[in-house]
Each structure stands twice: as C-alpha cells, then as structure tokens.
Amino acid sequence: MDLDAVADELYGLRPEEFTVVRDRHAAAARAAGDRELADRIKALRRPTLAAWASNLLVREQPEAVEPLVRLGEGLRRAHEELDGAQLRELSRRQHTLVAALTRQAGSLTAAAGHRVGGAVQEEIEQTLRAVLADPEAAREWATGRLARPLSAAPGFRLGDTRTQAQTHLTLVPPVSRERGKAAERRTPDRRPPEPSAAERKAAGKRRRTEERRRRESAEAREAAERAAEDLRGREADAEQAERAAGEAADRAARLRRRVGELADALRGAEADVREAEGAEREARVRAREAERGLRDARRRARVTATHLARLTPDDG
C-alpha cells in the first residue's frame, strides 16, 4: 500500500463513499505498523461535489485534458506577446471548450447519481478557467485528485519552464497587429506607469477582499452541499426503514395466518386423539370380556371332557 495508490482510488469514488474507504485504508496502514502513512491517508480530504465532478471529467474523459492544457499555454503565450488576433481566436475557443467541458462534467456526475446545480456548475467552470490561467493549477487538475475547486486571480500566471519564475499580467483589450506595430513605432520607449504605493495598497486590499469573498462563498456552497447530501442520505435511510417495516408487517401477517391454521389443525388433532383414546378404551374392555369368555369356555370344555370320560365304559 502507498499513498499515491490510495489517493487514486479514493478520489475516483463517489463523495459519500470517500470517508469510509479512507478510514479503512488508514486503519490498515496503522495495523501494519506504518503510522506515518496512516496519518497521511487520514489527512486526505473528502472532495466537494464540484471537485469530484472535475476529477470525474479527468478520469472518464482523459482526452479532454490535453486540449485544455494546450489552450491555456497558447492563451498565456498570446497575452505575453500581446498578440491581439491570436488572443481573439483563442478566447473564442476558450469559451466554447470551457462550456462544453462544464456540460460534460455535469452529465458524468448525473450518470453517477448526483445532479449538480448552478452553483456547482459555476465552481466547475471556475476550476477549468483556473487550469487555463495557471500551469500549476493545470498540473493539479490533471491528477484527478482535487478536494476543492480551483480558482485563479484575474489575469494569467505565466510559468517559465527554464527558471520556474511566475508573474502576473493584467488582461488588456485585444488589438490588431497593425495597430500594435504602429503604436510601437510612435512610442518605442513608452512604458506603462508604475502604480503608486496607495494604488498598490488599494489593489492588494481589493484582491484580499475578493479572495475572502470567494473563500466564504465556496465554504457556504460546500456546507450547503454537505447538508443536501446528508438530507438525501437521511431520506434514503427513512425510505429503506419504511420499506423494511412494511416487509416485516407483511411477514408478521403471514405468520399470524399460519399460526391460526396450525392452531386449527392442532385442535382437530386433539379431537382425533381423544376419539382414538376412547376407541382404545372400549377395545380394551371388549378384549378383557373376550378373554374372560375364553377362559370360561375352556373351563367348561375341560369339565365336560372329564364328565364324558367318566361316563364312557373302559373297553379294556
């Protein structure tokens, strides 16, 4: 048993199955003496419905991973190069692909027994947009082991594969290549002004506020999902209990009928026994009377024979 194998199994399960299987693996690792592995397994978090839907998309539709990752790379490159025509084309493809994958994730979760609402679909879409914006998010998404939906700050995070440096670019309106070249000829050394300390502070405050709102919204949605899932589970338990009660009532009624039939049969058998016992007594009385008659007949026969012998002359 290793952590990767366990994680792969757990994040492929339905959310309601996650905790039981995770705890079973943690207990097995602890019983085998590997407390560190047990603790790491126990630390794996159950995925939200949106995260599970994203994992399901990666696992069930692996061919969808590469096109989205490639598109994200192209978008980040086009933003870096300020290539307006390429940006327009890639943005059109982005909207089409994200919408299609969001619908596909919803269909997969519905087929697996969970229909997703608008809030969950928004989180799935937010995760896909984070994959486009952030190469680290793309790598995390492609593992199929998300516990929470992904989010990205406005703009794109650019990853340099040689230096691993990362920076943020602000989104700019797309411009044509000709207008961009003309602008470069007119102002070859023009640079955007550096934001002031107050502007940077205000921007940071806005980012923190927005991040807090997103976090609170995600937590509220997660709590609502857990409550809805708990409600579904309790409704299923109640339905199962009601069904079991009905089956038990039917069985009890059948047994009561059977007991009644057996009681009637027992009473009939008892009457037959009493009748047989009476017949037995009568037969024994007749047998005793017959035996006395037989003894009397034998005694009379002997007396008669003796008397006859006395009356008969002796020929000798």
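Residues numbered from 1 in each chain as written. Predicted model: local features only at pLDDT ≥ 70, side-chain atom pairs only at ≥ 80, totals over all residues. Heavy atoms only, no water.

Here's the deal with the pattern of salt bridges
What the rule picks out here adds up to 15 salt bridges. Of the charged contacts, one joins D23 and K42 as a salt bridge, the two residues approaching to 2.7 Å between their closest N and O atoms. Of the two residues, D23 is situated in helix α2 (residues 15-31) and K42 in helix α3 (residues 35-42); the sequence distance between them amounts to 19 residues. Taking relative accessible area as the criterion, K42 reaches 35% and is therefore assigned partly exposed. Residue D264 pairs with R267 through a salt bridge whose shortest N-O separation is 2.1 Å. Taken as a pair, D264 and R267 lie in helix α10 (residues 197-311) at a separation of 3 residues, close to a single helical turn. Residue D264 is classed as partly exposed on the basis of its relative accessible area, which comes to 46%. Here R267 falls in the partly exposed class, since its relative accessible area comes to 48%. Each of D4, D8 and R145 takes part in a single network of salt bridges with overlapping partners. (Salt bridge = Lys/Arg side-chain N within 4 Å of Asp/Glu carboxyl O. Helix = DSSP H or I, 4+ residues; strand = E, 2+ residues; numbered from the N terminus. Buried < 20%, exposed > 50% of the residue type's maximum accessible area, 1.4 Å probe, protein only.)

Description of the nonpolar core
Counting residues in hydrophobic clusters, the biggest one holds 30 residues, and the most contacted among them are L57, L68, I124, L128, W141 and L150. If you tally residues by element for this core, the top one is helix α4 (residues 49-60), at 8 residues. Apart from residues no more than four positions distant in its own chain, L150 is found in contact with Q126, T127, A130, V131, A137, E140 and W141. Counting residues in each nonpolar core, the second largest holds 15 residues, with L13, V21, A38 and I41 among its members. (Core = buried A, V, L, I, M, F, W, Y, C linked by side-chain atoms within 4.5 Å. Contact = heavy atoms within 4.5 Å.)

Considering the packing of aromatic side chains
Tallied over the full model, the rule gives 1 aromatic pair. For the ring pair Y11 and F18, a centre distance of 5.2 Å and an interplane angle of 55° mean the geometry is tilted. Each of the two residues, Y11 as well as F18, counts as buried. (Phe/Tyr/Trp six-rings, centres within 6.5 Å; stacked < 30°, edge-to-face > 60°.)

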